[in-house]
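A structural walkthrough
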Amino acid sequence: MASNYLKPEEKSLQALRDTANRLRIHSIRATCASNSGHPTSCCSAAEIMSVLFFHTMRYKPSEPGDPSNDRFVLSKGHAAPVLYAAWAEAGYIKEPELLKLRKIDSDLEGHPTPRLPFVDVATGSLGQGLGAACGMAYTGKCFDKASYRVYCLLGDGESSEGSVWEALAFGSLYQLDNLVAIFDVNRLGQSEAAPLRHDVDVYQKRCEAFGWNTYVVDGHDVEELCRALWQASQVKGKPTAIVAKTFKGRGIAGVEDADNWHGKPMPKDRVDSIIQTLQSQIQTNKVLSIQSPTEDVPLISITDIKIPSPPAYKIGEKMATRKAYGLSLAKLGNVNTHVVALDGDTKNSTFAEIFKQAHPDRYIECYIAEQNMVSVALGCAARNRTIAFASTFAAFFTRAFDHIRMAAISQSNINLCGSHCGVSIGEDGPSQMALEDIAMFRTIPGCTVFYPSDAVSTEHAVFLAANTKGICFIRTSRPETPILYSPEEKFKIGYAKVVRKSDADRVVVIGAGVTLHEALTAADELAKQGIHIRVIDPFTIKPLDADTIISNARATGGRIITVEDHYKEGGIGEAVAAAVSGEPGILVQSLAVSDVPRSGKPAELLELFGIGAKNIMAAVKSTFAN
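Just so it is clear, the structure is predicted and the values come from calculations on it, not from any experiment.

On to the UniProt feature "domain: Transketolase-like pyrimidine-binding" (unreviewed entry) in the chain, then. The positions that UniProt labels "domain: Transketolase-like pyrimidine-binding" (unreviewed entry) are, in the present scheme, residues 319-483. Strand forms 19% of residues 319-483 and helix 39%; the C-alpha atoms that close the span are 7 Å apart.

Considering the arrangement of structural elements, one finds T386 in the loop between α13 (370-381) and β9 (387-393). Given the relative accessible area of 5%, T386 is considered buried. Polar contacts involving the side chain of T386 include one to the main-chain carbonyl oxygen of C380, which spans 2.8 Å. With near-sequence residues (within four places) excluded, T386 lies in contact with T139, F143, I302, H338, V340, C380 and A381.

It is worth spelling out the packing of aromatic side chains at this point. Under the criterion given, the structure shown has 23 aromatic pairs. A ring pair is formed by F393 and F396, whose centres lie 5.3 Å apart and whose planes are at 10°; its orientation type is stacked. Overall, F393 belongs to the buried group, its relative accessible area being 7%. Each member of the aromatic cluster is reached from another via a ring pair, and the members are F53, F54, Y59, F72, Y84, W87, Y92 and F118. Between the NZ or CZ atom of R71 and the centre of the ring of Y148, over which it lies, the distance is 3.7 Å. Over the aromatic face of F491 sits the side chain of K497, whose NZ or CZ is 4.7 Å from the ring centroid.

In this section: the side chain of R187. One can find R187 in the loop between β3 (179-185) and α7 (200-209). A polar contact is formed between the side chain of R187 and the side chain of D257, at a distance of 2.9 Å. Look past the residues within four positions of R187 in its chain and what remains in contact with it is D156, A193, A194, R197, H198, D257 and D259.

Before going further, it helps to examine the sheet that holds strand β2 (residues 150-155). Taken together, the five strands give an open sheet; going across it, the order is β1-β2-β3-β5-β4, and neighbouring strands pair in parallel fashion. At either end of the open sheet lies a strand with only one pairing partner, and these are β1 (71-74) and β4 (213-218). Between one strand axis and the next, the sheet turns through 20° on average, direction left out of account. Contacts from helix α8 (residues 222-234) reach β2, β3, β4 and β5 (240-245), with the element oriented near 170° to β4.

With that out of the way, let us pick up unusual backbone geometry. Phi is mostly negative for residues that are not glycine, and the peptide bonds are mostly trans. The omega torsion of the bond from K542 to P543 falls at -5°, within 30 degrees of zero and hence cis. Not every positive phi belongs to a glycine, and N384 is a case in point at roughly 55°. Looking at the secondary structure, you find N384 in the loop between α13 and β9. With relative accessibility at 44%, the residue N384 sits in the partly exposed group. If you check the backbone angles, H420 has positive phi at about 60° while not being a glycine.

Okay, the pattern of salt bridges next. Side-chain pairing between opposite charges can occur once the charged atoms of the two side chains come close. By the definition in use, this model includes 26 salt bridges. Of the charged contacts in the structure, one is a salt bridge between R383 and D120, with a shortest N-O distance of 2.8 Å. Note that R383 is positioned in the loop between α13 and β9 and D120 in the loop between α4 (80-89) and α5 (129-143), a separation of 263 residues in sequence. No difference in accessibility class separates R383 from D120, as the two residues are buried. Note that R554 is salt-bridged to E583, the shortest N-O span being 2.5 Å. Here R554, found in helix α18 (residues 546-555), pairs with E583, found in the loop between α19 (572-579) and β19 (587-593); they are 29 residues apart in sequence, far enough to count as distant. According to the relative accessible area criterion, R554 is partly exposed, its value standing at 45%. What emerges from the salt-bridge pattern is a single network uniting K60, D66 and E295.

Rules of the game
- Residues numbered from 1 in each chain as written.
- Predicted model: local features only at pLDDT ≥ 70, side-chain atom pairs only at ≥ 80, totals over all residues.
- Heavy atoms only, no water.
- UniProt positions renumbered as here; feature names shortened; annotations may be inferred.
- Helix = DSSP H or I, 4+ residues; strand = E, 2+ residues; numbered from the N terminus.
- Buried < 20%, exposed > 50% of the residue type's maximum accessible area, 1.4 Å probe, protein only.
- Polar contact = N/O pair within 3.5 Å; in protein donor to acceptor, adjacent residues only side chain to side chain.
- Contact = heavy atoms within 4.5 Å.
- Phe/Tyr/Trp six-rings, centres within 6.5 Å; stacked < 30°, edge-to-face > 60°.
- Lys NZ or Arg CZ within 6 Å of the ring centre and 35° of its normal.
- Pairing = 2+ DSSP bridges.
- Axes fitted to C-alpha atoms, helices over the stretch in contact; angles between N-to-C directions.
- Salt bridge = Lys/Arg side-chain N within 4 Å of Asp/Glu carboxyl O.

Set out below in structure tokens:
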């Protein structure tokens, strides 16, 4: 295979060595100027970055976000200064800007974020870059069917994260031969040596066991790196892992391969001599030419997607919102060919399988690896190449919280659907019941939290999510519930629906999903007793329609009861209480699940945990008694 490999000329190899030393100098200067950062982590990766950016990768330096460019993900995000240095050497960043590293008025942050056009996904919470790179590579191979390749640089310390191995399993399963993972094995972690130290053979065996074509190289030998990256480009049917043995702090006397230098700038009194030593090794001023990409990425549009026809449901019919999600997603997929769906082996419960049956080429099975599923979705959505929807039981998104948090920092537009929320799922018991998910997603900056209560509102939630910037979460339920809204009903983010109203109303009850239907049952029973309540469906929990809630509370004597299939902490009750906190004379009582639940029939559990129709009736009556 290596027979038609053309070894670069010695002049070019020396220029790559020299570029690596310039990257070191930039990284040392920048971290000294900010008096913080990780210069030793940059120094171990300098040759890898030099070869990638000035020999292997094909991209337009003046247009870093061009969809035809090769992708690069710096999973070891603390080495951000060497990434910024590479873009300075490529001519995109002006060199003086590097000295503003970590300053409040600079986008060169301590870890990479998409404030910079050459950063597709934010990194720094370790172990997540490879999952996103898998999503980019899958998109390039299967959706864009384009030539661009994806490179991900990982640290050896972060390979202790299980999500790295979830991504390795995904990459080989889908034969992502346009993907290269490079492990910068510099031996040292943050507080002590990484577990495998320099045992590169074990890294090789593990990567091979996960189905990756694997090479071990001297990570400071530019020629070995050039050869391995060329070989990777020739391999079909497998992703490639390059295990690069490196030294932390390479090129700095007394610091190279020494403990206790992680995250520390070089001492000010040593900087000049360190830089002098590195400069003395630079032999050329040769400017390396960067190869242009093959421009074969299709032009696409993923904005302003309209519902082609009204939802096809009749008031009073019964359907679970989880099934309405699957039907709506398939309908959305008919309207736009860049809608893709991911699921974690729950597609026959989330009903993502309806999308898979309709659009098999645009469905990605991620199996039981929810962290990786979120990161793959993030990669699929990068550079606006797809509209990605990922689904699983809402409870299982909690294990991917850090990946969701990083997706928000990445300014990503991914859509997540969590089914089987709350005690209303019944007999499966507490391990399957999402009772924390609203609280979790409410804390995510810019996240829109949809909680549809029937099939019509679910369909609107799916189409609205597809058109909404930021992360969207759609919370769906297991039980079949009646259709409440006519096909002509219009829905908007941040606008609630008053679903039961009379002039005699004396309390506002706010429910969502299953509890909205319980509230309506309670309203019917109370009306027989001459007690009238106003019932509100919030539709989105974030943003919440405070105006509608406050105006209706004022019209009914300032009494609000919230009822939710969720724990009290961080749920609908707390969202409503916060929304009305500045309004005098409005009192909020919250009915929510207060303890770890148990198995049982849905109706039994709703009553046992205080959120069924009878509990609502009792709360309404006690409001008057008080």
